[in-house]
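Chain by chain, the residues run as shown.
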Amino acid sequence: MAASPKLVSTWSFAERPCAEAWPALRDGGSGLDAVEAVCRAVEDDPGVDSVGFGGLPDRDGAVTLDGCVMLDPCRCGSVCAVERHPYPVSLARLVMERTPHVMLAGPGADRFADEQGLAEAALCSEEARAKWLRWKQRPHDVDQSRDAGYVPRRPVDSGTGGVLYPDGSGHDTVCALSLDRSGTLAGACSTSGTPYKTPGRVGDAPIIGHGLYVDPEAGAATATGTGELVMGLCSSFHVVEQMRCGASPRDAVLTALRRIRDAFDLRPVHQVAIIAMTPGGERFAAALRPGYKSVVSDESGTRVEEPDEVVIPGER
Ligand code: GLY
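Remember, it's a predicted structure, so these values are computed and weren't measured experimentally. (Residues numbered from 1 in each chain as written. Predicted model: local features only at pLDDT ≥ 70, side-chain atom pairs only at ≥ 80, totals over all residues. Heavy atoms only, no water.)

A. Up close: the sheet that holds strand 13 (residues 309-310). Across the sheet, 5 strands lie side by side as 7-8-9-10-13; this open sheet has mixed pairing. A strand with exactly one partner marks an edge of an open sheet, and here the two such strands are strand 7 (212-215) and strand 13. Of the strand pairs in this sheet, strand 8 (residues 219-225) and strand 9 (residues 272-277) are connected by 6 bridges, and their pairing is antiparallel. Paired with Ala220 across the bridge in strand 9 is Met277. Across the sheet, helix 7 (residues 235-244) is in contact with strand 7, strand 8 and strand 9; its angle to strand 8 comes to roughly 150°. (Pairing = 2+ DSSP bridges. Helix = DSSP H or I, 4+ residues; strand = E, 2+ residues; numbered from the N terminus. Contact = heavy atoms within 4.5 Å. Axes fitted to C-alpha atoms, helices over the stretch in contact; angles between N-to-C directions.)

B. Spatial organisation of the packing of helix 2 (residues 31-44) against helix 3 (residues 88-98). Their axes nearest at 8 Å, the elements helix 2 and helix 3 cross at an angle of 145°. Residues Leu32, Asp33, Glu36, Cys39, Arg40 and Glu43 of helix 2 touch helix 3, and the partners they reach there are Pro88, Val89, Ser90, Arg93, Met96 and Glu97. A breakdown of the residues in the contact of helix 2 with helix 3 according to their chemical character gives 5 nonpolar, 1 polar and 6 charged. (Nonpolar A, V, L, I, M, F, W, Y, C, P; charged D, E, K, R; others polar.)

C. The side chain of Gln271, seen in detail. Positionally, Gln271 belongs in the loop between helix 8 (249-263) and strand 9. Separated by 3.4 Å, the side chain of Gln271 and the backbone nitrogen of Leu288 make a polar contact. (Polar contact = N/O pair within 3.5 Å; in protein donor to acceptor, adjacent residues only side chain to side chain.)

D. Up close: the site of the ligand. Every residue lining the ligand is accounted for by Asp172, Thr173, Thr191, Gly193, Arg201, Gly203, Asp204, Gly225 and Gly227. Residue Thr173 places a side-chain N or O atom 2.9 Å away from a nitrogen atom belonging to the ligand. A distance of 2.6 Å separates an oxygen atom of the ligand from a polar atom in the side chain of Arg201. Residue composition of the shell around the ligand, grouped by class: no nonpolar, 6 polar and 3 charged. (Near = heavy atom within 4 Å.)

E. Structural context of the pairing of strand 11 (residues 294-298). A large share of strand 11 lies buried, amounting to 5 of its 5 residues. Where burial is concerned, the two faces of strand 11 agree: the one with Ser294, Val296 and Asp298 and the one with Val295 and Ser297 are both buried. When strand 1 (residues 6-10) meets strand 11, the two strands line up antiparallel, connected through 4 bridges. Each bridged residue has a counterpart across the sheet, and for Thr10 the counterpart in strand 11 is Ser294. Sheet topology note: the strand 11/strand 12 (residues 301-305) ladder contains 5 bridges and is antiparallel. In the strand pairing of strand 12, Val295 is matched with Val304. Between the antiparallel neighbours strand 11 and strand 12 lie 2 residues. (Buried < 20%, exposed > 50% of the residue type's maximum accessible area, 1.4 Å probe, protein only.)

In structure tokens:
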């Protein structure tokens with residue numbers, strides 16, 4: 001029996017990309033094409049300063065990009081620390097489809113992109129470079145995850161794609177999950193990592209099982225937010241494994257987020273949101289703290305939604 005297609009993505013900056021990807025998915029297109037198209041459109045948006053071309057650079061002014069795609073444990077691809085090519089999810093898909101490997105890193109990933117004929121591009125937008133130059137005047141404002149001294153605030157979504165880090169840096173990974181008419185689950189995620197990160201730092205987004213996990217038998221999950229919190233607990237894999245053991249997406253996501261809440265000494269900047277989907281298309285999204293929104297496309301159209309639950313609701 002044909003499945004009812006669905007597309008879910010993180011943060012309201014994905015609203016237009018989801019609306020544009022939806023008609024093809026609705027009309028029988030592939031879910032992998034849909035999640036790639038959503039990530040690619042966000043990667044292309046210079047107004048999004050946490051993903052792709054508009055992403056904020058590392059401490060030394062270099063933008064590096066991470067991304068992955070996944071259909072099942074035997075079909076996944078990933079790239080990290082890409083310096084010269086603007087579409088990490090498309091590159092990750094080529095790793096999946098044209099190599100025997102799962103992950104290519106740094107100069108090797110860029111060389112693979114050259115070999116595949118992908119166009120290179122200068123990755124730092126003028127706006128991102130201007131923000132980096134301003135940041136350099138405040139040397140304690142380092143790394144979203146582990147900085148000391150200056151305390152940045154966590155990202156808060158305006159609901160209209162607006163970038164609302166109160167201190168001027170953008171919010172987080174674009175993650176997309178889809179179910180297509182053939183019943184195939186697919187996922188992708190893409191990020192430029194934390195603002196002004198330590199050079200060489202790679203977060204959860206491109207690591208299979210951390211920022212994304214898809215298993216056709218059990219379901220799919222993907223995480224956005226402070227990568228270090230997700231990496232310590234393999235959160236996407238954790239969610240899918242719970243669903244494999246019979247948990248609902250709600251219970252699986254909330255258990256994973258509560259593990260993060262209880263395991264870490266949370267700081268004001270920390271946020272994690274996780275979205276999950278079952279093989280039948282049941283979905284659930286929750287965030288550690290207020291301020292996160294999802295985008296959903298289904299037969300009712302495309303809309304920005306509040307998370308189904310917030311684990312630490314009192315914090316504004
Ligand atoms: N969640 C994206 C990152 O931490 O790099």
